[in-house]
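# Survey of secondary and tertiary structure
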Amino acid sequence: MKRKISKNHRLYGQTLISDRIKGKNGRVLKIHGCVTKPESIVISENDYEIFISKQKYLSAKLLTFFVEYPIIIMGYSLSDRNILGILETISEIDIYGNSLKQKADNIWFINYSPSNLEKKDVLLEKEIVLSNNKIILINYINVKTYDKLFESIIGTNKYPYSLTAMANELGYSHWKQIEKYIQIIEEREIIKVSNNPEYFIRYKSAKRYSEAFFNKLKEEVK
């Protein structure tokens with residue numbers, strides 16, 4: 001069964017710069033545009049030059065996603081200069097540490113390979129050498145179909161919120177502003193939210209909260 005993605009969760013090209021992140025996860029970022037919006041497509045040399053001129057702003061906006069969310073990159077080559085430029089900007093501000101080799105646990109690069117001789121999906125670590133002489137290690141997945149990948153993404157819907165997403169959904173500008181309400185819930189229920197699988201899951205560097213916990217937090221904020 002096909003799942004329809006809300007148009008509110010799709011961002012095309014440079015519209016990412018002006019978008020305000022709010023609510024749940026599940027954003028689809030079509031950085032090089034989409035056929036449904038021909039004016040957003042990056043295809044000619046002039047399109048690329050315009051894109052590159054704005055890339056620093058785009059990279060700055062993407063930092064929020066790279067810090068708060070798992071990132072799945074699909075439909076791009078690892079030699080794509082826009083992808084490499086974004087990764088280089090990220091490596092310079094040391095999100096993943098300040099060494100020459102940085103491990104980005106939350107980045108998953110999907111390589112579609114229907115002719116895969118092993119006839120199975122393969123998970124690897126891939127080194128990307130950047131022009132600033134730094135190396136970023138990412139999760140690299142060879143897939144022969146997208147079926148299992150999409151099933152896995154759908155399965156994460158139990159924990160759709162980051163702290164920032166919950167704060168924004170509740171009308172706050174920073175996640176620190178909702179900490180006191182989380183503490184109230186913990187004290188009343190005599191629990192530690194981060195130890196409760198009904199409310200919380202941690203996957204490598206990503207911290208995610210369930211719909212059930214968000215609803216409880218929303219009642220507390222009221």
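These figures come from a predicted structure and were not determined experimentally. (Residues numbered from 1 in each chain as written. Predicted model: local features only at pLDDT ≥ 70, side-chain atom pairs only at ≥ 80, totals over all residues. Heavy atoms only, no water.)

### What about the packing of aromatic side chains?
Each aromatic ring pair is specified by the distance between its two centres and by the angle formed by the two planes. Enumeration according to the criterion identifies 7 aromatic pairs in this entry. Note on Phe109 and Tyr140: the rings are 5.7 Å apart at their centroids and 5° apart in plane angle, and the pair reads as stacked. Linking Phe109 in strand β4 (residues 101–112) with Tyr140 in strand β6 (residues 135–143), this pair joins segments that are 31 residues apart in sequence. Here Tyr199 and Phe213 contribute two aromatic rings whose centre-to-centre distance is 5.3 Å and whose plane-to-plane angle is 50°, an arrangement assigned as tilted. Taken as a pair, Tyr199 in the loop between α7 (179–189) and β7 (200–203) and Phe213 in helix α8 (residues 211–221) lie far apart in primary sequence, 14 residues in all. One exposure class covers both Tyr199 and Phe213, and it is buried. Members of the aromatic cluster, connected to one another through ring pairs, are Tyr199, Phe200, Tyr209 and Phe213. When the ring centre of Tyr140 is taken as reference, the NZ or CZ atom of Lys126 above it lies at 4.7 Å. (Phe/Tyr/Trp six-rings, centres within 6.5 Å; stacked < 30°, edge-to-face > 60°. Helix = DSSP H or I, 4+ residues; strand = E, 2+ residues; numbered from the N terminus. Buried < 20%, exposed > 50% of the residue type's maximum accessible area, 1.4 Å probe, protein only. Lys NZ or Arg CZ within 6 Å of the ring centre and 35° of its normal.)

### Remarks on the pattern of salt bridges
Opposite charge on two side chains makes pairing possible when the charged atoms of those side chains draw close. Taken as a whole, this structure holds 6 salt bridges when the rule is applied. Counted as one network, the salt bridges with shared partners bring together Lys103, Asp105 and Glu125. (Salt bridge = Lys/Arg side-chain N within 4 Å of Asp/Glu carboxyl O.)

### Let's talk about the pairing of β4
With 3 bridges joining them, strand β3 (residues 71–73) and β4 adopt parallel strand pairing. Bridging across to β4, Ile72 finds its partner in Trp108. Following the chain from β3 across helix α4 (residues 81–92) to the adjacent parallel β4, one finds a crossover that is right-handed. Pairing of β4 with β6 involves 8 bridges; the strand directions are parallel. Across the sheet, the residue bridging to Gln102 is Ile136, located in β6. (Pairing = 2+ DSSP bridges. Right-handed = clockwise from strand over helix to strand, strands pointing away.)

### What about the confidence of the model for the chain?
For any part of a model where pLDDT is low, the fine detail of the predicted coordinates should not be relied upon. For the chain, the mean per-residue pLDDT works out to 77, and 77% of the residues sit at or above 70. Confidence scores differ between elements of the chain, with helix α1 (residues 15–18) showing the lowest mean pLDDT of 48 and α7 the highest of 93. Predicted confidence is poor over residues 1–8, with pLDDT under 50, and the contacts of this stretch with residues over four places away or in other chains come to 5 contacts. (pLDDT = per-residue confidence, 0-100. Contact = heavy atoms within 4.5 Å.)

### Observations concerning α7
Those residues of α7 not exposed but buried are Tyr181, Ile182, Ile185 and Glu186. Looking straight down α7, one finds its buried side chains confined to an arc of 140°; they lie on one side. Looking at the buried positions of α7, the neighbouring elements they touch are α6 (163–169) and α8. Backbone geometry just after α7 places Ile190 at a positive phi near 55°. (Arc of directions from axis to C-beta.)

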